[in-house]
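Here's the letter readout for the chains.
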Amino acid sequence: MRVIAGSARGVQLTAPRGAGIRPVTDRVKETLFGILGERAAEARVLDLYAGSGALGIEALSRGAAHADFVERDRRALVAIRANLQRTRLAARASVHGVDVARFLAGAPASAYDLVFVDPPYELRDPPLNRLPPLLASGGMVVVKHFWRTDLPAVPGLAPVRTRRFGETALTFLAQTDAQEVPPA
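Structural notes, computed from the coordinates. (Residues numbered from 1 in each chain as written. Predicted model: local features only at pLDDT ≥ 70, side-chain atom pairs only at ≥ 80, totals over all residues. Heavy atoms only, no water.)

1. Side note on the pairing of strand β2 (residues 66-70)
The buried count for β2 comes to 5 of 5 residues, which makes it a mostly enclosed element. The side-chain alternation of β2 yields two buried faces, one formed by His66, Asp68 and Val70 and the other by Ala67 and Phe69. In terms of strand pairing, strand β1 (residues 44-48) meets β2 through 5 bridges, oriented parallel. In the strand pairing of β2, Leu48 is matched with Val70. Handedness of the crossover joining β1 and β2 through helix α2 (residues 54-61) is recorded here as right-handed. Of the pairings in the sheet, the one linking β2 to strand β3 (residues 93-96) comprises 4 bridges and is parallel in character. By the bridge assignment, Ala67 is partnered in β3 with Ala93. Chirality of the crossover, the property in question, places the unit of β2, helix α3 (residues 74-87) and β3 among those that are right-handed. (Buried < 20%, exposed > 50% of the residue type's maximum accessible area, 1.4 Å probe, protein only. Helix = DSSP H or I, 4+ residues; strand = E, 2+ residues; numbered from the N terminus. Pairing = 2+ DSSP bridges. Right-handed = clockwise from strand over helix to strand, strands pointing away.)

In structure tokens:
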């Protein structure tokens, strides 16, 4: 697993070992950021269930202004911090060692341009309903999930695209109350 583009291109990332850890593959990252295009540049990013931090780090490498990483697993927190140091992107990142639901309940009134959600596959109902108030105008949520899991309908978010990679799917949700729904 490595950073595929930007200022940290080619830097190898570490991932904690464990049954609940599913590192995002380079192929999935390439497709994800290909679809997002220039959206990562200058973005404020929220990486929920961050694991190794690969998605948020990729966004930072591509020019995101800041990324918040939320993860409760201690081994994953060690990996995120090490990966941020290795890529020299730590100055533009905050790591929150807390449960995602707790973070969202007390989240600052930040306006995120991009939110990555990569919950454990056994979590059938990630807290997507708490995300619309945290989005900047034109914000987008990308959910990585088991391809057979249907995401719940969320007021304020509309699915605009889904891509499948074996058992993994990426669903792109655009903010619906914005003046203009951005293309995915």
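After presenting the structure, the write-up continues.
2. Considering the sheet that holds strand β5 (residues 135-146)
What the 7 strands build is an open sheet, ordered β3-β2-β1-β4-β5-β7-β6; its pairing is mixed. Edge positions in the sheet fall to β3 and β6 (157-165), since each has one partner strand and no second. On average, each strand axis in the sheet is inclined to that of its neighbour by 15 degrees, with strand direction left out of account. Looking at chain direction, β5 and strand β7 (residues 168-175) are connected through 7 bridges and run antiparallel. Across the sheet, the residue bridging to Lys144 is Leu170, located in β7. Here helix α1 (residues 26-36) sits on the sheet and contacts β4 (112-117), β5, β6 and β7; the angle it forms with β6, its principal contact strand, is near 145 degrees. Running over the sheet, α3 touches β2 and β3 and is turned about 170 degrees from β3. (Axes fitted to C-alpha atoms, helices over the stretch in contact; angles between N-to-C directions. Contact = heavy atoms within 4.5 Å.)

3. Looking at the environment of Ala40
Within the fold, Ala40 resides in the loop between α1 and β1. Taking the C-alpha atoms as reference points, Ala40 and Asp113, 73 residues apart in sequence, are found 8.2 Å from one another. With residues near it in sequence (within four places) discarded, Ala40 still touches Phe33, Ala59, Arg62, Gly63, Ala64 and Leu114.

4. Comments concerning the packing of aromatic side chains
A ring pair, where both rings are aromatic, is described by two values, the distance of the centres and the angle of the planes. The final tally for this structure, using the stated rule, is 2 aromatic pairs. In this structure, Arg164 is placed above the aromatic ring of Trp147, and the distance from its NZ or CZ to the ring centre is 3.5 Å. (Phe/Tyr/Trp six-rings, centres within 6.5 Å; stacked < 30°, edge-to-face > 60°. Lys NZ or Arg CZ within 6 Å of the ring centre and 35° of its normal.)

5. Looking at α2
With 8 of 8 residues buried, α2 is to be regarded as a mostly interior element. Among all positions in α2, only Ala54, Leu55, Gly56, Ile57, Glu58, Ala59, Leu60 and Ser61 are buried. Each element contacted by the buried residues of α2 is listed here: α1, β1, β2, α3, β3 and β4. Gly63 occupies a position one or two residues after α2 and carries a positive phi of about 105 degrees.

These values are about where atoms sit, not about what they do.
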